[in-house]
Amino acid sequence: MSGADIIDGKAFAANVRADVGKQVDVLKREHGLVPGLAVVLVGEDPASQVYVRNKGKATVEAGMHSFEHRLPVETTQDALLKLIEELNAAPAVHGILVQLPLPDQISEAAVLAAIDPAKDVDGFHLINVGLLSTGGEGLVPCTPRGCLMMLKDRLGDLTGLRALVVGRSNIVGKPMAQLLLGANCTVTVAHSRTKDLDEECRRADILVAAVGRPRMIKGDWIKPGATVIDVGMNRIDDDRPGAEPGKTRLVGDVDFDEAVRVAGAITPVPGGVGPMTIACLLANTVTAACRAAGIAEPEV
Ligand code: NDP
């Protein structure tokens, strides 16, 4: 029997996107400002093409300008850096996102460092990493920002709660831990060398899994009533009874069928954290546009 509330990330993200749309209306009406997001894709990786298409579509749906730059796989680092310089200088562009991964001849670090931190809507520039870890006002990586929004919506004030983040990547785990620390949680970060991970999990009021290992976190590792945010997106063979042979499906890092009996609330995969990432990208673009124009973000 299912005990946990299922956190509907799709519905939550739709609300965030609708709010962004309202903010954009106010910005256009009252300030003549149309936020703009430039997305750069190098090469033809099929998954990246889908991400870039979806980001562009969502940007336009929110009433913002979308600028797509598709470059051939053999693009040199110098050519990409030149484009970033142009986008940094373009007044209509408030957010710049370079879709990762990049081809081998291009250094990701060099490219991320070249983006104007004020336009770095992915929040990966070292200035923004530093601002996040020192409690400053930078731009925050989209996936952790989305996770924090869902946690606050569910739990209200997070002060004093024990939070465990499983995973320490620069994209998810570390910024997630910083955000939870900023929200006054007592934060533990676990990784592949952590001992007794199951025991660490059992202590957590908030468990964020960002590992990339299908269903690694078991139901009996979860503290009864805990809030579980599953960032993992793992494609596996569809093992459900009656599934067509050769079909695949997405599962998280948490064993959902077990965890749902123990947790207080849990995000499903798909339909949990995933949709929030694009919604937060749009929200970050509005934030960047308002800061560039020196105006407060409209309350909606
Ligand atoms: P990384 O591979 O960069 O990091 C994975 C982390 O998990 C590492 O810190 C690693 O530890 C840790 N880890 C690996 N194995 C274990 C283990 N057995 N026990 C404990 N920790 C372990 O992944 P990302 O952070 O980029 O992504 C994590 C997951 O989130 C992936 O499934 C990815 O697809 C998904 N994702 C989903 C997004 C969304 O929009 N929903 C956005 C971004 C990611 P160590 O550092 O010691 O190697």
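Residues numbered from 1 in each chain as written. Predicted model: local features only at pLDDT ≥ 70, side-chain atom pairs only at ≥ 80, totals over all residues. Heavy atoms only, no water.

Caption draft 1: Broad picture of the overall build of the protein chain. Looking only at helices and strands, one finds ten helices and eleven strands in the protein chain. What you see for the protein chain is a C-alpha radius of gyration of 20 Å, in line with the 19 Å of a compact globule of 300 residues. Dimensions along the principal axes, computed over C-alpha positions, put the protein chain at roughly 55 × 45 × 35 Å. Relative to all contacts within the protein chain whose residues are 6 or more apart in sequence, the contacts with residues 24 or more apart total 68%. With an accessible surface of roughly 14,500 Å², the protein chain has 52% of that area assigned to carbon and sulfur atoms. (Helix = DSSP H or I, 4+ residues; strand = E, 2+ residues; numbered from the N terminus. Rg over C-alpha atoms; globule rule 2.2 N^0.38 Å. Contact = heavy atoms within 4.5 Å. Areas by Shrake-Rupley, 256 points an atom, 1.4 Å probe, with all protein chains shown as cover.)

Caption draft 2: A look at the environment of Pro 275. Relative to the helices and strands, Pro 275 resides in helix H10 (residues 274-293). The exposure class of Pro 275 is partly exposed, given its relative accessible area of 24%. A C-alpha to C-alpha distance of 28 Å links Pro 275 and Leu 80, two positions 195 residues apart in sequence. Those residues within four positions of Pro 275 in sequence are excluded, and the remaining contacts are Gly 9, Lys 10 and Ala 13. (Buried < 20%, exposed > 50% of the residue type's maximum accessible area, 1.4 Å probe, protein only.)

Caption draft 3: Molecular detail of the packing of helix H1 (residues 9-31) against helix H6 (residues 142-155). Direction vectors running N to C along H1 and H6 enclose 100°, while the axes themselves pass 11 Å from each other. Considering the angle they form, H1 stands roughly perpendicular to H6. Here Gly 9, Phe 12 and Val 16 of H1 come into contact with H6, specifically with Met 149, Met 150 and Asp 153. Residues that form the contact of H1 with H6 fall into these classes: four nonpolar, one polar and one charged. (Axes fitted to C-alpha atoms, helices over the stretch in contact; angles between N-to-C directions. Parallel < 35°, antiparallel > 145°, perpendicular 65-115°, else oblique. Nonpolar A, V, L, I, M, F, W, Y, C, P; charged D, E, K, R; others polar.)

Caption draft 4: Looking closely at the environment of Leu 131. By secondary structure assignment, the location of Leu 131 is in helix H5 (residues 126-133). For Leu 131, a relative accessible area of 27% corresponds to the partly exposed category. What Leu 131 contacts, discounting residues up to four positions off in sequence, is Gly 136, Glu 137 and Gly 138.

Caption draft 5: Representation of the sheet that holds strand E8 (residues 227-230) in the model. One open sheet holds the six strands; their spatial order is E1-E11-E8-E7-E5-E6, and the pairing between them is parallel. On the outer flanks of this sheet lie strand E1 (5-6) and strand E6 (186-190), each paired with one strand and no other. As defined by bridge partners, strand E5 (residues 162-166) adjoins E6 across five bridges and the pair is classed as parallel. Note on E6: the bridge partner recorded for Val 165 is Val 189. (Pairing = 2+ DSSP bridges.)

Caption draft 6: Highlighting the sheet that holds strand E2 (residues 36-42). Taken together, three strands build an open sheet; the order of strands is E3-E2-E4 and the sheet is parallel. Whereas interior strands pair on both sides, the edge strands pair on one side only; in this sheet they are strand E3 (65-71) and strand E4 (95-98). When strand polarity is set aside, the average angle formed by the axes of neighbouring strands in this sheet is 15°. Note: E2 against E3, seven bridges, orientation parallel.

Caption draft 7: Local environment of the nonpolar core. Grouped together as the largest cluster of nonpolar side chains are 53 residues, with contacts concentrated most on Val 20 and Leu 180. Only H1, E2, helix H2 (46-61), H6, E5, helix H7 (173-182), strand E7 (206-209) and H10 provide two or more residues apiece to this core. The leading source of residues in this core is H10, at eleven residues. Those residues within four positions of Val 20 in sequence are excluded, and the remaining contacts are Ala 62, Met 64, Ala 279, Leu 282, Ala 283 and Val 286. Core analysis: the next-biggest nonpolar cluster, separate from the first, contains 19 residues, Ala 204, Ala 209, Ile 222 and Val 260 among them. (Core = buried A, V, L, I, M, F, W, Y, C linked by side-chain atoms within 4.5 Å.)

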